[in-house]
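# Fold and geometry: a report
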Amino acid sequence: MKTEFMKKTIRVCINSDWVPIEFWDKERPAGISIDILKLISKKYGLKFKFIKTKSWVESQKYLKEKKCDILPTAVITPARKKYAIFTTPYLIFDLFFINRLNSHFIPHIYFAKDKIFVRKEGSGLISYMKRHYPEIKIRTAPNFYEM
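Residues numbered from 1 in each chain as written. Predicted model: local features only at pLDDT ≥ 70, side-chain atom pairs only at ≥ 80, totals over all residues. Heavy atoms only, no water.

Here the second largest pocket is characterised by a volume of approximately 250 Å³. Taken together, Leu-95, Phe-96, Phe-97, Asn-99, Phe-105, Ile-106, Pro-107, His-108, Ile-109, Tyr-128, Met-129 and Tyr-133 form the lining of the second largest pocket. (1 Å grid on protein atoms, 1.4 Å probe; cavity = no way out; pocket = protein on both sides within 12 Å on 5 of 7 lines; lining within 4 Å. Points joined across faces, edges and corners; volume = space filled by probe spheres on them.)

Structure below.
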């Protein structure tokens, strides 16, 4: 990687509440994606400036407005391809559902077609669910604490 043509400081908007992947621990960014960025910084001599946003939606807005240069954990979606360039994924997760204690176990999404799913606003999973399971009802919440 040739760094002489790159920006001296790369502005990174952080998904404020995606523990353990990416979050703010007091006044410092933390999580798996932050650890990976630190390794990249050390190996290539890059500097990152972490920008605290109020929400994941605001992080995406900042990228569109060029107030930040990267979002380290954005999932590729058709809508995001219109304003962002994506690397090869460096983190891949299995999907799973969390439901109330004393509820029935849901072995597959087909068994939950009558349920309402709640997901954080701006989540790439929402567009995936709408494409692959259009009959499922999805509501959004500003963050994980209000779901």
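Following the structure, the description resumes.
It is worth spelling out the packing of aromatic side chains at this point. A complete count under the given rule lists two aromatic pairs for this structure. Taking the centre distance of 5.8 Å and the plane angle of 75° together, the rings of Tyr-110 and Tyr-133 count as edge-to-face. Note that Tyr-110 is positioned in the loop between α2 (56–64) and β6 (116–120) and Tyr-133 in the loop between α3 (124–132) and β7 (137–141), a separation of 23 residues in sequence. A relative accessible area of 48% means that Tyr-110 is categorised as partly exposed. With a relative accessible area of 14%, Tyr-133 lands in the buried category. In this structure, Lys-64 packs its charged tip against the face of Tyr-83, placed 4.7 Å from the ring centre. (Phe/Tyr/Trp six-rings, centres within 6.5 Å; stacked < 30°, edge-to-face > 60°. Helix = DSSP H or I, 4+ residues; strand = E, 2+ residues; numbered from the N terminus. Buried < 20%, exposed > 50% of the residue type's maximum accessible area, 1.4 Å probe, protein only. Lys NZ or Arg CZ within 6 Å of the ring centre and 35° of its normal.)

Moving on to the side chain of Asp-17. Mapped onto the elements of the fold, Asp-17 is located in strand β2 (residues 17–18). Asp-17 gets classed as buried once you look at its relative accessible area, which sits at 8%. Within the structure, Asp-17 has its side chain in polar contact with the side chain of Lys-120 (distance 2.9 Å). (Polar contact = N/O pair within 3.5 Å; in protein donor to acceptor, adjacent residues only side chain to side chain.)

Glancing now at the sheet that holds strand β3 (residues 22–25). Read from one edge to the other, the open sheet built from three strands follows the order β2-β3-β4, with strand pairing classed as antiparallel. Here the strands that pair on one side only, and so sit at the sheet edges, are β2 and β4 (28–30). Pairing analysis gives two bridges linking β2 to β3, with the strands arranged antiparallel. Paired with Trp-18 across the strands is Glu-22, a residue of β3. (Pairing = 2+ DSSP bridges.)

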